[in-house]
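# Examination of the molecular architecture
Letter by letter, the chains look like this.
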Amino acid sequence: MAGSFFKGRFLSLFDYKTEKYIVAKNKKVGVLYRLIQLSIIGYIIGWVFVSKKGYQETDEAIQSSIITKLKGVSVTNTTESGLLVWGPEDYVIPPQGEAVLFVVTNFLETPNQKLGYCAESLKVLDGHCREDDDCEEGKMVTAGNGIRSGRCLRKDENSTGTCEIYGWCPIERKFKPKGPLLTNAENFTIYIKNFINFPKFTFSKSNVFETTDDSYLRKCRFDEELHPYCPIFRLGDITRRAGYNFQDMATFGASIGIMIEWYCDLDKGGSHCHPQYHFTRLDISVSKQTIAAGFNFRHTRYFRNAAGESYRSLFKVYGIRFNIMVHGEAGKFSIIPTLINVGSGLALMGAGAFFCDMVLLYLMKKGDSYRERKFEGSKSKKSTSEEDSVEDRKGATEQDNLTF
Ligand SMILES: Nc1ncnc2c1ncn2[C@@H]1O[C@H](COP(=O)(O)OP(=O)(O)OP(=O)(O)O)[C@@H](O)[C@H]1O
């Protein structure tokens, strides 16, 4: 008995079961099903394959190198510095062509500073004093210019004075910029040389237009329509594209981001892979009333006089900081993402059929009759379960008999 049962189970392993379909002559569900199918096919072809290029393998691990060079000259004439001619070697900091660079547009020079004793600035709160005891010798003045000498310097007995310090004297005077001094800075040009590499596809390219014309770079200026592949940009055009006026930003300084984006469809060939440039101002906040607006720092130039004494010139410089960033993605046909996306599309079709089944069986008026026909086996199963329950009941009675 048990033998024939196991034999039957074993042989059933080699049976092939196929699904049974019921054709429901229901126009509403039929139209709904076709609409779902059409939407899914549209989504897969239009969005997954055409728009998102779901048949491609992608590489976002872009390796990149940036080299910059500025050109242009500006002349300034101030009381402290006299007549000065500013070339890229003076106004670009650091001068070696980095991806993050600062272009001086405004400055205050404190020339001929020498180590010695002088009064701390009145602007520095920590340097205020009423008597010598307030100026502990050897103690630094917080946010000041030197080390306290121990003397309090006052105009008269009643006034508040400032501590005498040992440092680079004379100290910097109070300075409120009124307008940019390097007025020609917006006409400076920046040459951005960018090399990229997508290691997965061993593909490399540069943003410099490939031409045999040696004078191309000397003549061209970037323009979205006329010269989109020229890597030389006028600074005034960069800030204009970021939505700001160069002269407004040049007085107190600002920070500008230049984003180079590479989206390369390598199925079309490397010659179709070109950079896109985006410019944004980085130092803005929602509230325009910020005290953090602007950008400046100090640097010095040291020299010795004929007697061998050390002097220095202190420069407080305001300017525009350019931050060049590179982002990119390359894609190429690959069978694996293609199969994955086709497979998920087919699975979605199944979900559509399931949804129509639910509508047909549970939301339609004739749902009961469809259910009866769809779940055919439920009747025989019912009888089996009745038999089972009879068996169960029998067993229970036997159990009961046994218990009591
Ligand atoms: N910021 C810039 N604005 C305009 N042209 C530039 C700029 N930077 C470089 N160029 C020009 O682009 C070309 C290539 O520059 P590259 O630095 O590779 O060569 P270079 O001979 O060392 O340049 P140069 O000696 O003129 O600085 C040169 O003709 C150069 O004058």
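Below, the structure is looked at part by part. Treat the numbers as computed from the prediction; the structure is a model and nothing was measured. (Residues numbered from 1 in each chain as written. Predicted model: local features only at pLDDT ≥ 70, side-chain atom pairs only at ≥ 80, totals over all residues. Heavy atoms only, no water.)

## Examining the site of the ligand
What counts here: In these notes, residues near a molecule or strand are those with any non-hydrogen atom within 4 Å of it. Under this definition, polar contacts are N or O atom pairs within 3.5 Å; protein pairs additionally need one hydrogen-donor-capable and one acceptor-capable atom, and for neighbouring residues in sequence, both atoms have to be side-chain atoms. The method behind every accessible area is Shrake-Rupley, applied with a 1.4 Å probe, and residues are considered shielded solely by the protein chains displayed. Runs of H or I in DSSP of at least four residues are treated as helices and runs of E of at least two as strands, each being numbered from the N terminus. Charged residues are taken to be Asp, Glu, Lys and Arg, nonpolar residues to be Ala, Val, Leu, Ile, Met, Phe, Trp, Tyr, Cys and Pro, and polar residues to be all remaining types, Gly included.
The full set of residues close to the ligand is Lys69, Leu70, Lys71, Thr189, Ile190, Tyr191, Lys193, Leu217, Arg218 and Ile232. With respect to the ligand, the backbone of Tyr191 contributes an N or O atom lying 3.5 Å from a nitrogen atom. The side chain of Arg218 places a nitrogen or oxygen atom 3.2 Å from an oxygen atom of the ligand. For the ligand, whose free accessible area comes to 570 Å², the fraction covered by protein is 63%. The set of elements that each furnish at least two residues to the shell around the ligand consists of β2 (63-71), β10 (189-198) and α4 (216-219). By residue number, the principal contributor to the shell around the ligand is β10, which donates four residues. Its residues placed into classes, the shell around the ligand shows five nonpolar, one polar and four charged.

## Thoughts on the environment of Ile171
Quick reminder of the rule: We call two residues in contact when some of their heavy atoms are within 4.5 Å.
Looking at the element boundaries, Ile171 is found in the loop between β9 (161-169) and β10. When neighbours within four sequence positions are excluded, Ile171 is seen to be in contact with Thr110, Gln113, Cys118, Ala119, Glu120, Ser121, Asn145 and Ile165.

## A short note on the state of the cysteines
Filter applied, for reference: What counts as a disulfide here is a pair of cysteine sulfur atoms lying within 2.5 Å. Burial classes: relative accessible area under 20% of the type maximum marks a residue as buried, over 50% as exposed, and values in between as partly exposed (1.4 Å probe, protein chains only).
As enumerated under the stated definition, the model contains five disulfides in all. Put simply, Cys129 and Cys152 are joined by a disulfide, and their sulfur atoms are 2.0 Å apart. Around the S-S axis, the bridge from Cys129 to Cys152 shows a dihedral of about 90° and counts as right-handed. Of this pair, Cys129 sits in strand β7 (residues 128-129) while Cys152 sits in strand β8 (residues 146-153), placing them 23 residues apart in sequence. The pair Cys129 / Cys152 is uniform in exposure class, with both members buried.

## Quick look at the pairing of strand β16 (residues 310-333)
Using the following cut-off: Pairing between two strands is assigned when DSSP locates at least 2 bridges connecting them.
Direction of pairing for strand β1 (residues 56-59) relative to β16: antiparallel, over a ladder of four bridges. Bridge assignment links Gln56 to a residue of β16, and that residue is Phe333. Note: strand β6 (residues 100-119) against β16, 11 bridges, orientation antiparallel. Directly across from Val104, in β16, lies its bridge partner Gly319. Here strand β13 (residues 254-265) runs beside β16; their pairing, made up of 12 bridges, is parallel. What sits directly across from Tyr263, in β16, is Glu329. Bridge count for strand β15 (residues 296-304) against β16 is nine bridges, and the pairing is antiparallel. Within β16, the residue paired with His299 across the bridge is Phe315.

## Some details on the packing of helix α7 (residues 335-363) against helix α8 (residues 367-374)
What counts, and what does not: Every axis in this analysis is a line fitted to C-alpha atoms, fitted for helices over the stretch in contact. Angles between the N-to-C directions lie between 0 and 180 degrees.
Closest axis-to-axis distance for the α7/α8 pair is 6 Å, and the angle between their directions is 120°. Along its contact with α7, which presents Asp357, Leu360, Leu361 and Tyr362, the element α8 presents Gly367, Tyr370, Arg371 and Lys374. Its residues assigned to classes, the contact of α7 with α8 comprises four nonpolar, one polar and three charged.

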